[in-house]
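# Coordinate analysis (summary)
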Amino acid sequence: MGAGHAHKLYRHGHSPVHRLPPHCKLAAVFGFVLVVVCTPREAMWAFGLYAALLAAVAATARIPVGFLLKRLVIEVPFVAFALLMPFVVPGEQTTVLGVSVSVPGLWGAWNVLAKATLGVAASVLLASTTELRAVLLGLQRLKLPPLLVQIASFMIRYGDVITDEMRRMSIARRSRGFEARGVRQWGVLATSMGALFIRSYERGERVHLAMVSRGYAGTMPVIDEATADRTQWAYAATLPVLALAICLLGWTL
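Residues numbered from 1 in each chain as written. Predicted model: local features only at pLDDT ≥ 70, side-chain atom pairs only at ≥ 80, totals over all residues. Heavy atoms only, no water.

Right, let's get into a nonpolar patch on the surface. A cluster of nonpolar side chains, contributed by Leu-144, Leu-147, Leu-148, Ile-151 and Met-155, occupies part of the molecular surface with about 490 Å² of accessible area. The topology assignment puts Leu-147 in helix 8 (residues 146–175). Taking relative accessible area as the criterion, Leu-147 reaches 60% and is therefore assigned exposed. (Patch = residues over 30% accessible without salt bridge, like charges linked within 9 Å, V, L, I, M, F, W, Y side chains within 5 Å. Areas by Shrake-Rupley, 256 points an atom, 1.4 Å probe, with all protein chains shown as cover. Salt bridge = Lys/Arg side-chain N within 4 Å of Asp/Glu carboxyl O. Helix = DSSP H or I, 4+ residues; strand = E, 2+ residues; numbered from the N terminus. Buried < 20%, exposed > 50% of the residue type's maximum accessible area, 1.4 Å probe, protein only.)

What follows is the structure in structure tokens.
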């Protein structure tokens with residue numbers, strides 16, 4: 001997979017969570033999110049316990065609360081959608097703070113907010129304790145189709161390259177006195193996007209030819225083999241197993 005690739009979500013550390021093999025963490029997060037989604041929305045106490053479980057994981061991984069909360073901003077579109085539901089979903093009406101809202105809409109908003117927040121928080125914890133290169137190794141270990149793993153790998157590797165190309169093009173436009181002030185400048189921006197696409201396509205062709213000349217035949221060599229013993233699997237399974245117990249109680253109580 002080549003050299004490691006740092007990303008803004010990752011927080012370097014040496015905690016037990018950081019040391020877990022990536023495929024163990026991926027399976028644990030997937031299982032946890034699946035259990036959260038299956039939990040009845042009426043069991044509000046269960047979602048509080050799920051949050052406590054994630055807080056325990058964050059404490060074990062030594063992830064600061066502020067760091068986690070800043071990364072949860074990505075959830076804003078879900079929040080905006082949820083806030084509209086009490087006003088647009090038909091059904092029995094009730095009054096909250098003097099405003100008439102839909103009871104099914106309130107339940108739907110709570111369902112979206114609670115489950116989306118927990119899912120995003122679990123994903124942020126995964127990204128905070130796992131390098132992107134390790135995530136790719138974990139996906140490969142979990143037998144994700146190799147082509148999808150390679151596509152994700154190239155996206156990660158060349159995303160920064162394309163972003164840097166966009167930055168250089170923006171500097172070139174500004175150095176020539178260009179400023180995007182209105183609709184009249186859209187043509188220039190569209191031309192720039194077209195040029196960026198052509199440059200990216202040509203770069204991709206050159207990279208592919210370079211890989212073929214070095215023996216690439218459709219599969220990437222695995223330099224590091226991600227392995228896990230029973231103890232590590234059991235440690236990683238703690239989160240989804242406890243969540244499953246909470247979910248079962250939510251359906252029975």
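In the numbering adopted here, UniProt assigns the feature "transmembrane region" (unreviewed entry) to residues 43–65, 72–89, 109–127 and 233–251. Here residues 43–65 is 83% helix and 0% strand, with 25 Å between the C-alpha atoms at its ends. (UniProt positions renumbered as here; feature names shortened; annotations may be inferred.)

A separate point is the confidence of the model for the chain. The predicted structure's coordinates, where accompanied by low pLDDT, should not be read in detail. Of the residues in the chain, 94% reach a pLDDT of 70 or more, and the chain-wide mean stands at 87. Of the regions scoring below 50 in pLDDT, residues 1–5 engages in 18 contacts with residues more than four places distant in sequence or in other chains. (pLDDT = per-residue confidence, 0-100. Contact = heavy atoms within 4.5 Å.)

The next thing to look at is the packing of helix 2 (residues 22–38) against helix 7 (residues 132–141). For the pair helix 2 and helix 7, interaxial distance at closest approach is 7 Å and the crossing angle is 75 degrees. In terms of their interaxial angle, helix 2 and helix 7 are classed as roughly perpendicular. Contacts from Pro-22, His-23 and Leu-26 of helix 2 reach helix 7 at Ala-134, Val-135, Gly-138, Leu-139 and Arg-141. By residue class, the composition of the contact of helix 2 with helix 7 is five nonpolar, two polar and one charged. (Axes fitted to C-alpha atoms, helices over the stretch in contact; angles between N-to-C directions. Parallel < 35°, antiparallel > 145°, perpendicular 65-115°, else oblique. Nonpolar A, V, L, I, M, F, W, Y, C, P; charged D, E, K, R; others polar.)

The next point concerns the domain arrangement of the chain. Considered domain by domain, the chain is made up of domain 1 (14–136 + 225–250) and domain 2 (145–212). Each of domain 1 and domain 2 was reduced to a C-alpha centroid, and the two centroids are 34 Å apart. (Domains from an automatic or database assignment.)

Another point: the pairing of strand 1 (residues 93–96). Sheet topology note: the strand 1/strand 2 (residues 99–102) ladder contains four bridges and is antiparallel. Bridged to Gln-93 within strand 2 is Ser-102. (Pairing = 2+ DSSP bridges.)

Let's shift gears to the nonpolar core. Residues Phe-32, Tyr-50 and Leu-54 are the most contacted members of the largest nonpolar core, which totals 31 residues. Tallying contributions element by element places helix 6 (residues 103–129) first for this core, with eight residues. Ignoring sequence-local partners within four residues, the contact set of Leu-54 consists of Phe-32, Leu-118, Ala-121, Ala-122, Leu-125 and Leu-239. (Core = buried A, V, L, I, M, F, W, Y, C linked by side-chain atoms within 4.5 Å.)

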